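# Results of the structural survey
As a plain string of letters, each chain reads:
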Amino acid sequence: MRAAFRADDIRAAEAPLLAADVPLMRQAARAVATRTISIARDRRAAGLNADILVLVGGGNNGGDGLWAAHDLAQRGLAPVVLLATDHPHAEGLAAARGAGVQVVTRAELGEDVAPFASWFGIWLDALAGIGLSGPLRGELGELVAALAEVRQEAPRHVIAVDTPSGLADDPAATRAIRADETHTFGAPKPALLLPPACRAAGVVLVHDLGIPLDAEPAVVELDTGDISELWPRAGHLDHKYTRGVVGIDAGSATYPGAGILATRAALAAGPGMVRFLGDRAIADRLPPEVVTAPGRIQAGLVGSGTEGGPDVAAALRDFRERDIPVVVDAGALASRDELGAGPGQLVLTPHLGELATLLDDERAAVEADPVRYARAAATEFAAVVVAKGPETVIAAPTGPVYTTPPGSPWLATAGSGDVLAGALAAALAQFAARQEASEATPPLAAQAALAVALHAHAVDYCPSAPGPIRASDLADALGPALGALLAGQ
Ligand SMILES: NC(=O)C1=CN([C@@H]2O[C@H](COP(=O)(O)OP(=O)(O)OC[C@H]3O[C@@H](n4cnc5c(N)ncnc54)[C@H](O)[C@@H]3O)[C@@H](O)[C@H]2O)[C@@H](O)CC1
Ligand SMILES: Nc1ncnc2c1ncn2[C@@H]1O[C@H](COP(=O)(O)OP(=O)(O)O)[C@@H](O)[C@H]1O
Ligand SMILES: [K+]
């Protein structure tokens, strides 16, 4: 699990340590310098340009950069500082100069700043961190835009100090120099874990520096370790009804496969029973352990492989009236009258195009800020929204936004969403059963995130991995993937 916190919360958590003269900046700089030395060594060994340019802005983020330059110089390297401010961190600048670091100012370079920066194979981006207020503006904004272009021209290694300058709280911010790695202090910042900004952060390495954070996280990223820890396990005294019963009404004459895939996925993801309550013709094509008789269920799935319509709306209404968690997928998302406040807890699973339709907006606008739209839909429909895309974000009306490490792009295959829908319903049924037994369970959005993480992890268990996968293999792979995680592998 990784949790990201808003800049204000990190600043508040740092304050007592700074008041006690804990040298946070020196520790941050040392971590960056140590990593930079190893990158420089590797690049030199590979015959690549290993000259180091430290981009320095006016706040403490620039201070980190200056102290890193100092540390690098003390350890025998020859970094150059590009000072992009008239108000540099005074102590840091004195230390860097004292260690013999060459300092060039933005003003001296004028129009030549881009060609100058292009001479260097390694950039440390210490222009701005969590002190950023709003989107990058003015000269700093122009500099970042110019350097972002240079960065694309030739392969070079960019290390972002705390954040790629320009990114902090807002995941929709896009003006930044794309980093290969981001060394972030205290805790990740929201933009480092959420799309689309996270694509500019590269690998995010966290140096906690002993900063104690007890605010509510803005973002929680759940991974396979959390599945091992939190996914319900069968206990000695369990029977099939205490392990969770899933009800599925999915598939149609046009798309029968979706009902089959969702059901196979639900079977593989660990519940005590799966009831298929949809089209009889589909039921005849399901594995023998699927129960087709009606009866009690603890979570439902409706809509995969359908185009909506009165029957789908009626199925959704029926599931809701049972007052259980219900996964609302594909065609069922069009049943507007059945969404919104009422009995049962809804988990909507739109891809970004469906999310745009749900909110009567353009797909491009949703792609530019999926988190905001997921939250808006969660609020409008009083639901958990699983906004599916290259990165999937999960939002309830309040509380942290959940996400998972990005999955393999091979997940973008027809039927993959049906598999996810089945896995989600299976997860919700199992957690609901645990809740009935008065056990503590994670919030619904976290339960959904665990299913999303399992879906992505199962790619590795498909027979064709690491190559392209088929959704039916993915459905079956959920079982071995989950089994290995529960066994602690
Ligand atoms: N609080 C601390 O002492 C610690 C802070 N650390 C570093 O300090 C950073 C925070 O430092 P600061 O609060 O001084 O701020 P930053 O250094 O992040 O940013 C301030 C600079 O950005 C400029 N700026 C702000 N908003 C802008 C905008 N919208 N457009 C253009 N320019 C803008 C300001 O004029 C200023 O030059 C962290 O990100 C981290 O790197 C670390 O050294 C660890 C300890
Ligand atoms: N580029 C990508 N990288 C990783 N995962 C992706 C990518 N594109 C799509 N996915 C995932 O694949 C699944 C596709 O679901 P969906 O769009 O509903 O497809 P379908 O309806 O064909 O099953 C979602 O879980 C989504 O997050
Ligand atoms: K930075």
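Residues numbered from 1 in each chain as written. Chains lettered and ligands numbered in written order. Predicted model: local features only at pLDDT ≥ 70, side-chain atom pairs only at ≥ 80, totals over all residues. Heavy atoms only, no water.

### Quick notes on the coordination of the potassium ion (ligand 3)
So the rule is basically this: Counted as coordinating are nitrogen, oxygen and sulfur atoms within 2.8 Å of the metal, or 3.2 Å for Na, K and Ca, while water is not included, which may make sites look incomplete. Tetrahedral means four donors with every angle between 85 and 135 degrees, whereas square planar (four donors) and octahedral (six donors) require angles over 155 degrees between opposite donors and between 65 and 115 for all others; sites fitting neither are termed irregular. Type-normalised accessible area, obtained with a 1.4 Å probe on protein chains alone, sets the label of each residue: buried when under 20%, exposed when over 50%, and partly exposed for intermediate values.
Note on the potassium ion (ligand 3): its protein donors are Asn61 (OD1), Asp125 (O), Ala128 (O), Val161 (O), Thr163 (O) and Ser165 (OG). The metal-donor distances range over 2.5 to 2.9 Å. Classification of the site at the potassium ion (ligand 3) rests on its six donor atoms, whose angles at the metal span 69 to 176°, yielding the label irregular. All donors to the potassium ion (ligand 3) come from one chain, and their sequence spacing reads N-x63-D-x2-A-x32-V-x1-T-x1-S. By relative accessible area, which is 0% here, threonine 163 ends up buried.

### A closer look at the domain arrangement of the protein
Rules: Per the annotation, domain bounds derive from an automatic or database assignment of domains. Note on terms: buried area is the combined drop in 1.4 Å-probe accessible area of two parts once they are placed together, counting the loss on both. Just to be clear on terms, a salt bridge is a Lys or Arg side-chain nitrogen sitting within 4 Å of an Asp or Glu carboxyl oxygen. Polar contact is defined as a pair of N or O atoms within 3.5 Å, subject to the rule that within protein one atom must be able to donate a hydrogen and the other to accept it, and that residues adjacent in sequence are counted only when both atoms are side-chain atoms. Side-chain classes are defined by residue name, with Ala, Val, Leu, Ile, Met, Phe, Trp, Tyr, Cys and Pro counting as nonpolar, Asp, Glu, Lys and Arg as charged, and the others, Gly among them, as polar.
Along its sequence, the protein is organised into domain 1 (2–217) and domain 2 (224–486). Each of domain 1 and domain 2 has a C-alpha centre, and the two are 40 Å apart. Looking only at domain 1, the three residues that lose the most surface to domain 2 are Leu194, Pro195 and Arg199, adding up to 47% of its buried area. Inspection of the region where domain 1 meets domain 2 yields one salt bridge. With a shortest N-O distance of 2.8 Å, glutamate 391 and arginine 199 are connected by a salt bridge. At the boundary of domain 1 and domain 2, one finds one residue pair in polar contact (both at pLDDT 80 or more). Taken together, the residues of the side of domain 1 that touches domain 2 break down into eight nonpolar, no polar and two charged.

### Here we look at the nonpolar core
Which entries qualify depends on this criterion: For our purposes a nonpolar core is just a set of buried Ala, Val, Leu, Ile, Met, Phe, Trp, Tyr and Cys residues, chained together by side-chain atoms within 4.5 Å. Any pair of residues with heavy atoms lying within 4.5 Å of one another is described as a contacting pair.
Ranked by size, the top nonpolar core spans 64 residues in total, and within it Trp231, Ile394 and Leu454 carry the most contacts. Not counting chain neighbours up to four residues away, the residues in contact with tryptophan 231 comprise Asp226, Ala269, Ala427, Gln430, Phe431, Leu450, Ala451, Leu454, Leu482 and Leu486. In this structure, Val219, Met273, Val302 and Phe381 belong to the second largest nonpolar core, which totals 39 residues.

### Observations concerning a negative patch on the surface
Our working rule: Like-charged residues within 9 Å of one another, or nonpolar side chains (Val, Leu, Ile, Met, Phe, Trp, Tyr) within 5 Å, are grouped into patches, provided each residue has over 30% relative accessible area and no salt bridge. Method for areas: the Shrake-Rupley scheme with a 1.4 Å probe, in which residue coverage is limited to the protein chains shown. His is not counted here, nor are the chain ends, while Lys and Arg score as positive and Asp and Glu score as negative. In plain terms, the charge of a residue is placed at NZ if it is Lys, CZ if Arg, CG if Asp and CD if Glu. Under the DSSP-based scheme used, a helix requires at least four consecutive residues in state H or I and a strand at least two consecutive residues in state E, with every element numbered from the N terminus.
A contiguous patch of negative charge on the surface is contributed by Asp360, Asp361, Glu362 and Glu380. As for its position among the elements, aspartate 360 is in the loop between helix H13 (352–358) and helix H14 (363–368). Overall, the relative accessible area of 66% leaves aspartate 360 in the exposed class.

### Examining the site of ligand 1
Formally: Only heavy atoms are used to decide nearness, and a residue is near a molecule or strand if one of them lies within 4 Å of it.
Not every one of the 22 residues close to ligand 1 is listed here, only the nearest: Glu14, Asp64, Gly129, Ser133 and Asp162. Contact between ligand 1 and aspartate 64: an oxygen atom at 2.3 Å from a side-chain N or O atom of the residue. Take glycine 131: an N or O atom from its main chain is 2.9 Å from an oxygen atom of ligand 1. Look at ligand 1: alone it shows 860 Å² of surface, and the protein chains cover 82% of it.

### Re the environment of glutamate 14
Summarising the element assignment, glutamate 14 is placed in helix H1 (residues 7–19). What makes glutamate 14 buried here is its relative accessible area of 18%. Once the C-alpha coordinates of glutamate 14 and valine 347 are considered, the two residues, 333 residues apart in sequence, prove to be 37 Å apart. Not counting residues within four places of it along the chain, the set of residues in contact with glutamate 14 comprises Leu24 and Ile211.

### Describing the UniProt feature "binding site: AMP" (unreviewed entry) in the protein
Which entries qualify depends on this criterion: UniProt positions are given in the numbering used here, feature names are shortened, and annotations may be inferred rather than shown by experiment.
Under the UniProt annotation, "binding site: AMP" (unreviewed entry) lies at Lys388, Gly389, Pro390, Glu391, Thr392 and Gly417. Look at the named residues: they lie 30 residues apart in sequence, but the longest C-alpha span between them is just 13.4 Å, so in the fold they bunch up. Here lysine 388 shows up in the loop between strand S15 (384–387) and strand S16 (393–395). Following the sequence through the fold, proline 390 ends up in the loop between S15 and S16. The class of proline 390 is exposed, set by a relative accessible area of 58%.

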